[in-house]
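An overview of the molecular structure
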Amino acid sequence: MERCDVLIVGGGPGGSSCARRLVQGGADVVVLDKQRFPRDKTCAGWVTPPVFGALDIDADEYSGVTSAARVFQPITGFRTGVIGGDEVETHYDEPVSYGIRRCEFDHYLLERCGAQLRLGETFRTAEYANGLWRVNGAIEAKVLVGAGGHFCPIARRLGNRDGAAATGPNGGPGSTIAGASQSLQPRPPDARPSVVAAQEIEFEVPAGELPRVRVEGTVPELFFCNDLQGYGWCFRKGNWLNIGLGRVDREKISQHVADFCDFLRERGKLGCAIPARFHGHAYQLYERVVPRLVDDGVLLVGDAAGLAYPQSGEGIRPAVESGLLAADVILDAAGDYDRDRLAPYARKIAERFGPPRGGNAADWLPAGWLHFLAAKLLGTRWFSKKVVLEKWFLHRDTPPLELAALPAGR
């Protein structure tokens, strides 16, 4: 039987950042993930400077100036608008974000976290008794951290997902979790979270077709749907092109994606062939419901906790910051991991991200008004820069996360 202080289920940015902070604090940590890394992880993939700061990443080292090269595309502007409407271009004097490939970024974070890695192993069962979790009948841990994304089986245990069977990246049919507190009841039927359904693809453009892609690497393109239920993006990272679209209303998502690609072609932006099918995935936005984040010996981080930013759907920064906050609460608990001792994590999340957004304009405005607002507001330079970009996507009004220094000797 393998034993550890903390078992983290999910090796993405939330899990790996939590693991690294815990290891730095002296904890014995195991990270379990169904996938082997580097994994195929499609994602628009831009990361703001505060994320690099929170992770203590040296940009020169990451980008290959002092080590193996990775995709690291500086972003100094955006082109925004409504699908089919006018376009607004916004530029900055310095990089406001960086394009990365998630297969490289996640692998880098996981390799340096310092935890023991159990990759290619599916989460199947977990039982809780006498203050210990026994996972897959082979690992004993004092704390479980759910970092397995939207389909994380531990999130289902806390009632953050509908349905009884755990399915997805780290859980398969028949996965079960037993024990711990039984006081958490299913949500009332009117408290429904906002879940985005997205389809996207990332591929390397053949050299001969690069001149037919009229998208600048430094200027990603974002175009909102007319009903404001989602948006599409086209982002070039060197020779790599990422195209996708996500919507809260998941009806006919494939048709919306096809229409968006047609729009890109009509505007002369996409002249190359798309070599494969789009990949689908889902994630929960931080709105409408207060996520359940802790139980006896359990915490949720990142997409497993439903912390993606509501307007942009970005999940990397919330995943990283929640992982670091969870790690500090675990270290402060000093061996006592019941729900009351872990409760400060929920308070820290509320302080950092505020209360979940109550809803959006699509909830209460008639369709005609939505079309009017989309066309008028998103077509203005001031609104595009000050609201869409700097508030919704770049979160420039959110200060960098500050963490207390870890006590010496931990």
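Basis of the calculations
- Residues numbered from 1 in each chain as written.
- Predicted model: local features only at pLDDT ≥ 70, side-chain atom pairs only at ≥ 80, totals over all residues.
- Heavy atoms only, no water.
- Pairing = 2+ DSSP bridges.
- Helix = DSSP H or I, 4+ residues; strand = E, 2+ residues; numbered from the N terminus.
- Axes fitted to C-alpha atoms, helices over the stretch in contact; angles between N-to-C directions.
- Contact = heavy atoms within 4.5 Å.
- Buried < 20%, exposed > 50% of the residue type's maximum accessible area, 1.4 Å probe, protein only.
- Polar contact = N/O pair within 3.5 Å; in protein donor to acceptor, adjacent residues only side chain to side chain.
- Core = buried A, V, L, I, M, F, W, Y, C linked by side-chain atoms within 4.5 Å.

Time to look at the sheet that holds strand 15 (residues 230-237). Remark on secondary structure: sheet strands pair via backbone hydrogen bonds, oriented parallel or antiparallel. The seven strands are arranged 6-5-14-15-16-13-17 in an open sheet whose pairing can be described as mixed. In this open sheet, the two edge strands, each paired with only one partner strand, are strand 6 (87-91) and strand 17 (279-284). The sheet shows a mean angle of 20° between the axes of neighbouring strands, direction not considered. Judged from the eight bridges that link them, strand 13 (residues 195-204) and strand 16 (residues 240-247) form a sheet pairing that is antiparallel. Following the sheet pairing, Ala197 is matched in strand 16 by Arg247. Across the sheet, helix 6 (residues 253-266) lies against strand 6, strand 13, strand 14 (221-224), strand 15 and strand 16, angled at about 135° from strand 16, the strand it touches most.

A few words on the side chain of Asn242. Within the secondary structure layout, Asn242 lies in strand 16. Relative accessible area serves as the criterion here: at 0%, Asn242 is assigned to the buried category. In terms of polar contacts, Asn242 uses its side chain to reach the side chain of Glu202, at 3.1 Å.

A separate point is the nonpolar core. If you look at the biggest cluster of nonpolar residues, it comprises 70 residues, and the most contacted ones within it are Leu7, Ile8, Leu22, Phe105 and Tyr345. No other element matches helix 7 (residues 316-333), which puts 10 residues into this core. Listed in part, the 21 residues of the second largest apolar core include Leu241, Ile243, Ile253 and Leu264.

Moving on, we come to unusual backbone geometry. That bond from Phe37 to Pro38 is cis: its omega, 0°, falls within 30 degrees of zero. Its identity is not glycine, yet Asp56 carries a phi of approximately 55°, on the positive side. By secondary structure assignment, the location of Asp56 is in the loop between helix 2 (49-54) and helix 3 (59-63). Judged by its relative accessible area of 58%, Asp56 falls in the exposed class.

When you tally the buried positions in strand 13, you get nine out of 10 residues, the bulk of the element. As judged from the six bridges shared by strand 13 and strand 17, these two strands associate in the antiparallel manner. When the sheet's bridge partners are listed, Gln199 is paired in strand 17 with Gly280.

This paragraph deals with the sheet that holds strand 3 (residues 46-47). Across the sheet, which stays open at both edges, the three strands sit in the order 3-7-4 with antiparallel pairing between neighbours. If you trace the sheet from one side to the other, it starts and ends with strand 3 and strand 4 (73-75), each paired once. Inspection of the sheet shows strand 4 paired to strand 7 (residues 97-99) by three bridges, in the antiparallel sense. What sits directly across from Ile75, in strand 7, is Ser97.

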